[in-house]
Amino acid sequence: MSVLSSELKSSTRPVEAAAIHARGVTKRFGEFVAIDKLDLDVRRGECVGLLGPNGAGKSTFIGCLYGVVERSGGELNVFGYDPALEPRRIKERLGVVPQENALDEELTVLENMRLYARFEGLSKTAALPRIEELLTHMSLDHKRDAAIRSLSGGMKRRLAFVRALLSDPELLILDEPTTGLDPTVRHLLWEKVLSYRQAGKTTLVTTHYMHEAELLCDRIVILNRGIVVGTGAPRELIAREAPGYVGIFSPDREQILRAHMQPHWDLFHQGRQCCIRAPRIEDLMSLQQASGIQALQIRPCNLEDVYLKLTGRELDDNE
Amino acid sequence: MSEIHVSLRLAWHVVVRNWIVYRKDFLANISPTLADPALMMTALGMGLSPFIGQIDGHSYAQYLAPGMVATTALFTAFFECSYGFYVRMTFESVFKAMLTTPIGVREVVIGEFLWVFIRAALMAAGVGLALAVMGLLPNIWSIFMFPFIGGLLAVPCGAIGLLAAAHVRNINQFQTVYSFLIAPIYFLSGVFFPLTDRPILGVLVHFSPFYHGVRLLQMAAWGRGSLGETVLHLTALFLFTVVLGIWALRKIRQKLTI
């Protein structure tokens, strides 16, 4: 491809293209539909959380964004570029923390990062200070000469963050960034993501931790079996999909509780417990009085309630 | 910068990555590709030479010598691109992270080919030097041709390795590929005995890149060969490189993307 044609292409790119623009994106594996006509827009500077059960299509969608998954249909642009046609232009602007760390186990921390700085096109002189800065930032500077295999799980995860941030990407993609980490590391990583967000960068994060999604994200998109089943700001989603309070009762009292609750309230099970959702906390108080059954706990509704409601409370057959 | 230039620069990063990992375990990595031809030369070359007499005016050790250069190129390339690549792809997940950088599948595959070219060229130089010291090269100048021919031979053999890596369902299946494809190619392509009086085998061997490399190395080492035959084998190696290379790229793309 000549220099001229690639310049022409970039000049036709809308200057303020959305970070991610997806319309009807579909991915099929034979008969199985992993993503079904997904629409999603992520504005620049926004932090969007992708939630959904395992197998809902989150990682598949992420793969579509930088071309390792070929979509079967639909329109997809990242910074105005189609990942099926010009993945490199997207990847130059992208930092990814994949589900697996995929660090070179044989190499040291510094060797690993220098290698990836090279992949990202950083010059040797630019790479070293950048690496040192990020290692210090992630409290890994004392480990710079340690072999990867000697690092703890939390350290490896932090190093995967360093790697993703080397090229100062415009878009950061985090695929289950804190799964399996202790709370200290989790808080450290959240803080880094928040400061990255404050710098006006765009973030797409998948997670199974509702608290994490609520804390980090401007907007949540809930996927189930490849379909968007809910979207909105965390507070907004809760107010719309599961407003009110939940009373948790012991399961053997379900019949009595049913008799005393209002028909528009919601009764469901979480684990072995019987949960009743009512619009106001007073409703649950009067339910307790009327039925003579004390709730084990009463709490405001949270994102987890929304998630469980929208993705169905049953496990899929394939789980 | 042109597309080809960018692509080659990115492919070069893959070579650098492999080199950095390779040198960590340098001795273990270099041993089999040097020890095997050395053992073969000792056992067959020196051991059998007195019993065999001359082949085309050369001692058996001299007959065997260029084949050892070809062997080191074949094994370097095949094992690096089969086991080596499979381990990188499956157990080390190297490409899961690498493909999030500007490096694409095409650069990964071109990088692997560049890597085996360089490695095989260096190994061919090393083996060639050892053969020269042992006085087994009638045409001593051939040691300057070995790296180039060895590198050229390594690329299509590497492509066969990548194809194997794309097809096996677990790492044990490489053993089958070795036993039924690589070993026959190795033993029957004129390294150990001349194919001049074997009409069927003599034709069959043309369908593997290895034979063409063996012939080029033999012509160089013995200092005899025609321009016509040289052009024929170079062209064949080139065609094998293109066809197997593109095929391997397609298969590896299917493995690394979904």
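Residues numbered from 1 in each chain as written. Chains lettered and ligands numbered in written order. Predicted model: local features only at pLDDT ≥ 70, side-chain atom pairs only at ≥ 80, totals over all residues.

A. Representation of the overall build of chain B in the model. Helix and strand content of chain B: 10 helices and 0 strands. In terms of overall size, chain B behaves like a compact globule, its C-alpha atoms giving a radius of gyration of 19 Å where 258 residues would be expected to give roughly 18 Å. Seen along its three principal axes, the alpha-carbon backbone of chain B occupies a region of about 60 × 40 × 35 Å. Buried positions account for 47% of the 258 residues belonging to chain B. Across chain B, every contact between residues at least 6 apart in sequence was considered, and the portion connecting residues at least 24 apart equals 79%. (Helix = DSSP H or I, 4+ residues; strand = E, 2+ residues; numbered from the N terminus. Rg over C-alpha atoms; globule rule 2.2 N^0.38 Å. Buried ≥ 20, exposed ≤ 12 C-beta atoms within 10 Å, placed from the backbone. Contact = placed C-beta atoms within 7 Å.)

B. Structural context of the overall build of chain A. The helix and strand inventory of chain A stands at 12 helices and 13 strands. Summarising its shape, the C-alpha atoms of chain A cover approximately 75 × 45 × 35 Å along the three principal directions. Put simply, chain A has 319 residues, and 39% of those count as buried. In chain A, of all internal contacts separated by at least 6 residues, the share reaching a separation of at least 24 is 69%.

C. Molecular detail of the sheet that holds strand β9 (residues 227–232) of chain A. All names here are of chain A. Read from one edge to the other, the open sheet built from 6 strands follows the order β5-β6-β7-β3-β8-β9, with strand pairing classed as mixed. Where the open sheet ends on each side, the last strands, each with one partner, are β5 (94–97) and β9. The average angle at which neighbouring strand axes cross in this sheet is 15 degrees, direction not considered. Along the sheet, helix α2 (residues 58–65) makes contact with β3 (47–51), β6 (171–175), β7 (202–206) and β8 (219–224), crossing β6 at roughly 150 degrees. The sheet contacts of helix α12 (residues 303–311) involve β3, β8 and β9, and relative to β8 the element is tilted by about 30 degrees. (Pairing = 2+ DSSP bridges. Axes fitted to C-alpha atoms, helices over the stretch in contact; angles between N-to-C directions.)

D. Quick look at the interface of chain B and chain A. Taken together, the contacts link 23 residues of chain B with 27 residues of chain A. Listing elements by their share of the side of chain B that touches chain A, those giving two or more residues are α1 (3–24) and α4 (94–98) of chain B. Looking at which element gives the most residues to the side of chain B that touches chain A, the answer is α1 of chain B, with 7 residues. Among the residues forming the side of chain B that touches chain A, the class breakdown is 11 nonpolar, 7 polar and 5 charged. (Nonpolar A, V, L, I, M, F, W, Y, C, P; charged D, E, K, R; others polar.)

E. How the structure looks around the packing of helix α3 (residues 60–91) of chain B against helix α5 (residues 105–133) of chain B. All names here are of chain B. One can describe the packing of α3 onto α5 by two numbers: an axis separation of 9 Å at closest approach and a directional angle of 150 degrees. Classified by the interaxial angle, the pair formed by α3 and α5 is roughly antiparallel. The two elements α3 and α5 cross, and the hand of that crossing is right-handed. Together, A65, M68, V69, T72, A73, T76, A77, E80, C81 and F85 of α3 and E112, V116, R119, A120, M123, A124, V127, G128 and L131 of α5 make up the contact between the two elements. (Parallel < 35°, antiparallel > 145°, perpendicular 65-115°, else oblique. Left-handed = near helix turned anticlockwise from the far one by under 90°.)

F. The arrangement of the nonpolar core in detail. In terms of nonpolar packing, the biggest core is built from 162 residues, with V162 of chain A together with A73 and A120 of chain B touching the most fellow members. With 17 residues, α3 of chain B is the single largest residue contributor to this core. Residues in contact with A120 of chain B, not counting those within four places in the same chain, are A73, T76, A77, G150, G151, L153 and A154 of chain B. (Core = buried A, V, L, I, M, F, W, Y, C linked by C-beta atoms within 7 Å.)

G. Local environment of the pairing of strand β10 (residues 245–249) of chain A. Residues and elements named next belong to chain A. Where β10 meets strand β12 (residues 273–278), 5 bridges bridge the pair, whose relative direction is antiparallel. Looking across to β12, one finds that G247 is bridged to I276. As judged from the 4 bridges shared by β10 and strand β13 (residues 297–300), these two strands associate in the antiparallel manner. For Y245, the partnering residue across the bridge sits in β13 and is P300.

H. Layout of unusual backbone geometry. Residue and element names in this part refer to chain A. Of note, F79 is a non-glycine position whose phi angle comes to about 50 degrees, a positive value. Positive phi is not limited to glycine here, since S139 has a value of about 55 degrees. The topology assignment puts S139 in the loop between α5 (124–137) and α6 (153–165). Its 12 C-beta neighbours within 10 Å are what place S139 among the exposed residues.

I. Focus on the packing of helix α6 (residues 146–167) of chain B against helix α9 (residues 209–222) of chain B. All names here are of chain B. For the pair α6 and α9, interaxial distance at closest approach is 9 Å and the crossing angle is 175 degrees. With respect to their mutual orientation, α6 and α9 come out roughly antiparallel. Residues F146, I149, L152, L153, P156 and C157 of α6 pack against P209, F210, G213, L216, L217 and A220 of α9. Of the residues contributing to the contact of α6 with α9, the split by class is 11 nonpolar, 1 polar and no charged.

J. Spotlight on the sheet that holds strand β1 (residues 20–29) of chain A. Residues and elements named next belong to chain A. Strand order in the open sheet formed by 3 strands is β2-β1-β4, with antiparallel pairing between adjacent strands. Edge positions in the sheet fall to β2 (32–42) and β4 (73–78), since each has one partner strand and no second. With strand direction ignored, the average angle separating the axes of adjacent strands in the sheet is 25 degrees. In the sheet, β1 pairs with β2 via 7 bridges, with the strands oriented antiparallel. Looking across to β2, one finds that H21 is bridged to D41.

K. Highlighting the pairing of β1 of chain A. Residue and element names in this part refer to chain A. As judged from the 5 bridges shared by β1 and β4, these two strands associate in the antiparallel manner. Looking at β4, one finds that A22 is bridged to L76. Remark: 2 residues form the turn of the hairpin made by β1 and β2, two consecutive strands paired antiparallel; G30 in that turn has positive phi of roughly 65 degrees.

L. Molecular detail of helix α4 (residues 109–119) of chain A. Within α4 of chain A, 9 of the 11 residues are buried, which leaves it mostly tucked inside the rest of the structure. Every buried residue belonging to α4 of chain A is among V109, N112, M113, R114, L115, Y116, A117, R118 and F119 of chain A, and all of these are buried. On the buried face of α4 of chain A, the contacting elements are α5 and α6 of chain A together with α1 and α4 of chain B.

M. Expanded view of the confidence of the model for chain A. Residues and elements named next belong to chain A. Residues of chain A with pLDDT of at least 70 account for 93%, and the chain-wide mean is 88. Considering only residues more than four positions removed or in separate chains, one finds that residues 1–13, a stretch of pLDDT under 50, has 5 contacts. Confidence drops under pLDDT 50 across residues 315–319; counting only partners more than four residues distant or on other chains, this segment forms 4 contacts. (pLDDT = per-residue confidence, 0-100.)

N. Looking closely at the environment of T178 of chain A. All names here are of chain A. Examined against the element boundaries, T178 turns out to sit in the loop between β6 and α7 (183–198). For the pair formed by T178 and V162, sequence separation is 16 residues and the distance between their alpha carbons is 14 Å. Those residues in contact with T178 that lie beyond four places of it in its chain are R186, L189, Y209 and E212.

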